[in-house]
Amino acid sequence: MKKVIFLGMATAILAMSSCSTVPLTGRSRLSLVDDTQLQQQAAIGYAQLMSNPQTKVVSTTSANAQMVKRVGQKIAAAVTQYMNQNGYGDQIANYKWEYNLIDSKEINAWCMPGGKIAVYTGILPVTKDEAGLATVMGHEVAHAIAQHSAERASQMTVAQGLGTVVGVASANSKYADYINAAYGIGGQLTILSYGRNQELEADKMGLAFMAMAGYNPTNAVDFWQRMAQASSGSQKPPAFLSTHPSDAARIAQIQKDLPEAMKYYKGK
Ligand SMILES: [Zn+2]
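Quantities reported herein were computed from a predicted structural model and do not represent experimental measurements. (Residues numbered from 1 in each chain as written. Predicted model: local features only at pLDDT ≥ 70, side-chain atom pairs only at ≥ 80, totals over all residues. Heavy atoms only, no water.)

Side note on the nonpolar core
Just so we agree on the cut-off: For the purposes of this section, nonpolar cores are sets of buried Ala, Val, Leu, Ile, Met, Phe, Trp, Tyr and Cys residues that join through side-chain atoms within 4.5 Å. In this scheme, a residue with accessible area under 20% of its type's maximum is buried, one over 50% is exposed, and one in between is partly exposed, where area comes from a 1.4 Å probe on protein chains only. Note on conventions: DSSP H or I runs of at least 4 residues are helices, E runs of at least 2 residues are strands, and numbering of each starts at the N terminus. Here, two residues are considered to be in contact whenever any of their heavy atoms come within 4.5 Å of each other.
Ranked by internal contacts, the top residues of the largest apolar core, which has 57 residues, are Val-119, Val-141, Ile-145, Phe-209 and Met-227. Take this core: its biggest share by element is ten residues, from helix H3 (residues 63–85). Aside from chain neighbours lying at most four places away, what touches Val-119 is Val-68, Asn-100, Leu-101, Ile-102, Asn-108, Ala-109, Leu-124, Leu-133 and Met-137. Grouped together as the second largest cluster of nonpolar side chains are 20 residues, Ile-102, Ile-179, Ala-182 and Tyr-183 included.

Printed below as a string of structure tokens:
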């Protein structure tokens, strides 16, 4: 019993001393797991996924792949400028942005730690236009910039006790397992799901990022309404929607966040 209390306290102390600040929202996040190590594993996992013959990467000469790259580059440039100008440059110093469109019916998109982005063709009818795509990509980039994957891994580490903290810190293969499982690499089922608060934070940051990149953030409301519609007809909700519930509460919060995001929008 005493040992359990001691471990609990030690974990709490370690947790308190291992926090960092989320850019833009200023929230203090638990960071027992180092994001730069996740970035290294993500780069390996991303390369594996893109070179796997089963992954149908859309040719970079296609108009849609070029749109993904164009939107991605604008968001990356805006985010990089914001981070550098606000004292967060070290958090993205090792980012090597990549943007790929994958031919798949799946309604999905994600951005790994380190800026490795995948958009699935299945989501394009819902994003509809470039501003819709910027909504999705801004949101996914926000998850990466907020280090939500590392935060999830940190929370799992605390839940599993102090022993695992040491174990995780010393074993790169555990990071690899985590990344592979989270993003569905190597035939594994995607298990990545962020918490509700992380989703709302990514929405808020994503709005600001798309605005900084020159896209009117009011388009985000239209996108999430289309997303809600896309799910209403089908019995099995799309992968993206099961992890991103497009309910009235989410859209209402986005509308509340809009005035602040508009400050970053110069109507380029
Ligand atoms: Zn999300």
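Digging into unusual backbone geometry
Not every positive phi belongs to a glycine, and Leu-24 is a case in point at roughly 75 degrees. Examined against the element boundaries, Leu-24 turns out to sit in the loop between strand S1 (19–21) and strand S2 (28–30). The phi angle at Lys-128 is positive, at roughly 70 degrees, despite the residue not being glycine. Topologically, Lys-128 is positioned in the loop between helix H4 (124–127) and helix H5 (130–145).

A word on the pairing of strand S3 (residues 98–102)
Heads up, the condition is: One requirement defines pairing of two strands: DSSP has to find at least two bridges between them.
For S3, the tally of buried residues reaches four of five residues, placing the bulk of the element in the interior. Inspection of the sheet shows S3 paired to strand S5 (residues 116–120) by five bridges, in the parallel sense. The residue bridging Tyr-99 from the neighbouring strand is Ile-117, located in S5.

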